[in-house]
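Take a look at the letters that make up each chain.
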Amino acid sequence: MQPTFNPLIQSALLSYCNDPLHALLIVGPRGSGKGYIVGQIISLMIEKYTKIEEYNITPEQDKKSISIDQIKLLQSSLRTKKPNHTMIIIEDADLLTVESQNSILKMLEEPPNKVHFILTTSYSNNILVTIKSRVNTWQYIPPSKDQLKEYINSYDQHQNTESLLALSGGRMGLLSALLKDNENHPLRQAIEEAKELLSESSAKRVIRVEQLAKDSVKTTTLLDALLLVCIAATKKSISKGAVFNKWLLRAKYTQEAIIQNNAKVQPKLLLTRLFLVL
């Protein structure tokens, strides 16, 4: 089953292929399915233009960021004129170093003919304002509830639809990972860890802090997963007429921790505070 898109996104996809943008930034939360949108653009471009060239820029092995050397290599490749439309895909563009972003900026200011940049991010605050001023931005819009239900039923009509909708938060990428039981999806993994963490005592949770605080990406993903789990549990409790105050408070504390994390509060401090009150 192909992923489903909000009608506004679907309309934007069709418009894109009729008049490809030189630079597009797709912004949406983790697991929202930004990669599916990119994939659909590529499919529609091939359908219309038959042949395209595609470059995917990701961090090199064992690296956490996209280096300036990778961008210089891209610039060198693009100096040769291409007969076909060329798609430059940079998923998680927030992993570009500041130096790399400044180098990309030069290409965005003077885009080569038939070269199209598609960047995605879950953290647009980490993208330079100068880059954002030179790209068209699409904000992720989730499919409607009816679309999501139809998508779930296409897999298995015996699925617990409401639970899946609540846990995925309307994020197509995460919903797909849950339906396919894809254990390699980062947010799916974080959700399992969040469930485990919530079942532990505060003392056990605090033991995890030291290791978690060393990895900012893992911390951010876990906080996102915790919020999804707490919101889903709140909705489930309400639907069953059960007491939901505990889950509502947990969601509130997690949201506060996410705000602190975005404000660059020391991870060890904010995680310790959160794990003691969850």
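Residues numbered from 1 in each chain as written. Predicted model: local features only at pLDDT ≥ 70, side-chain atom pairs only at ≥ 80, totals over all residues. Heavy atoms only, no water.

Draft legend 1. View of helix H11 (residues 216-239). The end-to-end C-alpha separation of H11 is 35 Å, in line with the 34 Å expected for 24 residues at 1.5 Å each. One side-chain oxygen of the residue at the start of H11 lies 3.1 Å from the amide nitrogen of Val217, identifying that residue as Asp215. Just beyond H11, the residue with positive phi is Gly241, at close to 70°. (Helix = DSSP H or I, 4+ residues; strand = E, 2+ residues; numbered from the N terminus. Expected span 1.5 Å × (residues − 1). Polar contact = N/O pair within 3.5 Å; in protein donor to acceptor, adjacent residues only side chain to side chain.)

Draft legend 2. Region of interest: the pattern of salt bridges. Scanning the model with the defined rule gives 12 salt bridges in all. The shortest N-O distance in the salt bridge between Lys195 and Glu192 comes to 4.0 Å. Of the two residues, Lys195 and Glu192 both sit in helix H9 (residues 186-198), three residues apart, roughly one turn of that helix. Judged by its relative accessible area of 39%, Lys195 falls in the partly exposed class. The partly exposed category is assigned to Glu192, whose relative accessible area is 38%. Here Glu200 and Arg208 are joined by a salt bridge, their closest N and O atoms 2.8 Å apart. For the pair Glu200 and Arg208, a shared accessibility class is recorded, and that class is buried. Several salt bridges share partner residues, and in doing so they unite Asp181, Arg188, Glu192 and Lys195 into one network. (Salt bridge = Lys/Arg side-chain N within 4 Å of Asp/Glu carboxyl O. Buried < 20%, exposed > 50% of the residue type's maximum accessible area, 1.4 Å probe, protein only.)

Draft legend 3. Structural detail: the pairing of strand S2 (residues 52-56). In the sheet, S2 pairs with strand S3 (residues 85-90) via five bridges, with the strands oriented parallel. Residue pairing across strands places Ile52 opposite His85, the latter belonging to S3. A crossover links S2 with its parallel partner S3, the connecting element being helix H3 (residues 68-78), and its sense is right-handed. (Pairing = 2+ DSSP bridges. Right-handed = clockwise from strand over helix to strand, strands pointing away.)

Draft legend 4. Seen up close, the pairing of strand S4 (residues 115-121). Burial of S4 is extensive: seven of the seven residues sit out of reach of the surface. Relative to S4, strand S1 (residues 23-27) is paired through five bridges, and the arrangement is parallel. Residue pairing in the sheet places Ile26 in a bridge with Thr120 of S4. Bridge analysis of S3 against S4 gives five bridges, and the strand direction is parallel. Residue pairing in the sheet places Met87 in a bridge with His116 of S4. Crossover connection from S3 via helix H4 (residues 98-109) to parallel S4: handedness right-handed.

Draft legend 5. View of the nonpolar core. The biggest cluster of nonpolar side chains holds 56 residues, and the ones touching the most others in it are Tyr16, Ile37, Ile41, Met87, Ile118, Leu226 and Phe275. It is H11 that provides the largest number of residues to this core, a total of nine residues. Apart from the residues within four sequence positions on either side, Ile118 is in contact with Tyr16, Leu24, Ile26, Val38, Ile41, Met87, Ile88, Ile89 and Ile90. Formed by 22 residues, the second largest nonpolar core is a distinct cluster that contains Leu25, Val27, Ile66 and Val135. (Core = buried A, V, L, I, M, F, W, Y, C linked by side-chain atoms within 4.5 Å. Contact = heavy atoms within 4.5 Å.)

Draft legend 6. View of unusual backbone geometry. Backbone geometry places Asp62, a non-glycine residue, at a positive phi of 70°. Residue placement: Asp62 occurs in the loop between S2 and H3. On the basis of relative accessibility, which here comes to 76%, the residue Asp62 falls in the exposed class. Positive phi, close to 55°, is recorded for Asp181, a residue that is not glycine. For Asp181, the position within the fold is in the loop between helix H8 (172-179) and H9. A relative accessible area of 46% means that Asp181 is categorised as partly exposed.

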